[in-house]
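Spelled out from the first residue to the last, the chains are:
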Amino acid sequence: MHTLEFVASLWFQLAIVAGWLGIVVLTAEWLYFRQTTDPEIARKIVHIGTGNVILVAWWLQMPAWIGMGAAIVAGTIAIISYKLPILPGINSVGRKSFGTFFYAVSIGVLIAWFWPLQQPYYAAIGILIMTWADGFAAIIGQSFGKHPYQIWGIKKSWEGSLTMFLISYIVTCSILLGIQGVILPTFLVPLVVAFAATTLEVFSKLGIDNLTVPIASAAICFFLNQSL
């Protein structure tokens, strides 16, 4: 009976994750083919929508191997889609960015790291910073960025960078409040995490920030929180 319950629970978890990801991807592809919105917006829908699957995995206490397996599958599909028009709404063929692939890798790495430690919230912090902070930083920067700046040929806006910092802080602080309550590190650590995430997002090319931002954010939060 226990075995049947485990299998049923496993299939239920897989169905929820697959259903959520399917809705997000199909919505982006539908918008892309209808040409009712900027292709970049369709990509950001996927960027923001898929990242929240980490919360589902945390809430359901899914086994690490499921998350890692899903990341491998997603990464493989992303690599193929750079050459073939599998998901044109997400990856334009020939597009000079490996952001979707790096996104999948970062999810797999963080699950492999923090699930065995029984501390999935650090993985959630890293992924949700990439999901919400980076996603909205791009949207705000492109739509309302009136004060641009450039470093090493990389163009950003102060509005986008400020959005990145503020949302990174809010995400980190909110999760730590729920985990450890109102103590000093809960408010100090997110400042360092937000600054690091914003800096890494500024110095990003070819979508590498989808790898550096979540992993560095989670690692900095983890080590600082342990030491403090």
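What you see is a predicted model, and the numbers here were worked out from it, not measured in a lab.

### Observations concerning the overall build of the protein
Phase 1 of the analysis: Of the regular secondary structure elements, the protein holds 9 helices and 2 strands.
Phase 2 of the analysis: Scanning the protein from its N terminus toward the C terminus, one meets helices and strands in the order α-α-α-α-α-α-β-β-α-α-α.
Phase 3 of the analysis: Buried positions account for 46% of the 228 residues belonging to the protein.
Phase 4 of the analysis: Across the protein, contacts joining residues at least 24 apart in sequence account for 72% of those joining residues at least 6 apart.
Phase 5 of the analysis: Of the roughly 11,900 Å² that the protein leaves accessible, carbon and sulfur atoms contribute 74%.

### Some details on the side chain of Ser 157
Phase 1 of the analysis: Here Ser 157 is to be found in strand β2 (residues 154–157).
Phase 2 of the analysis: The class for Ser 157 is buried, based on a relative accessible area of 8%.
Phase 3 of the analysis: In terms of polar contacts, Ser 157 uses its side chain to reach the backbone amide nitrogen of Gly 160, at 3.0 Å.
Phase 4 of the analysis: Once you skip the residues sitting within four places of it in the chain, Ser 157 turns out to touch Gly 141, Gly 145, His 147, Pro 148 and Tyr 149.

How each quantity is defined
- Residues numbered from 1 in each chain as written.
- Predicted model: local features only at pLDDT ≥ 70, side-chain atom pairs only at ≥ 80, totals over all residues.
- Heavy atoms only, no water.
- Helix = DSSP H or I, 4+ residues; strand = E, 2+ residues; numbered from the N terminus.
- Buried < 20%, exposed > 50% of the residue type's maximum accessible area, 1.4 Å probe, protein only.
- Contact = heavy atoms within 4.5 Å.
- Areas by Shrake-Rupley, 256 points an atom, 1.4 Å probe, with all protein chains shown as cover.
- Polar contact = N/O pair within 3.5 Å; in protein donor to acceptor, adjacent residues only side chain to side chain.

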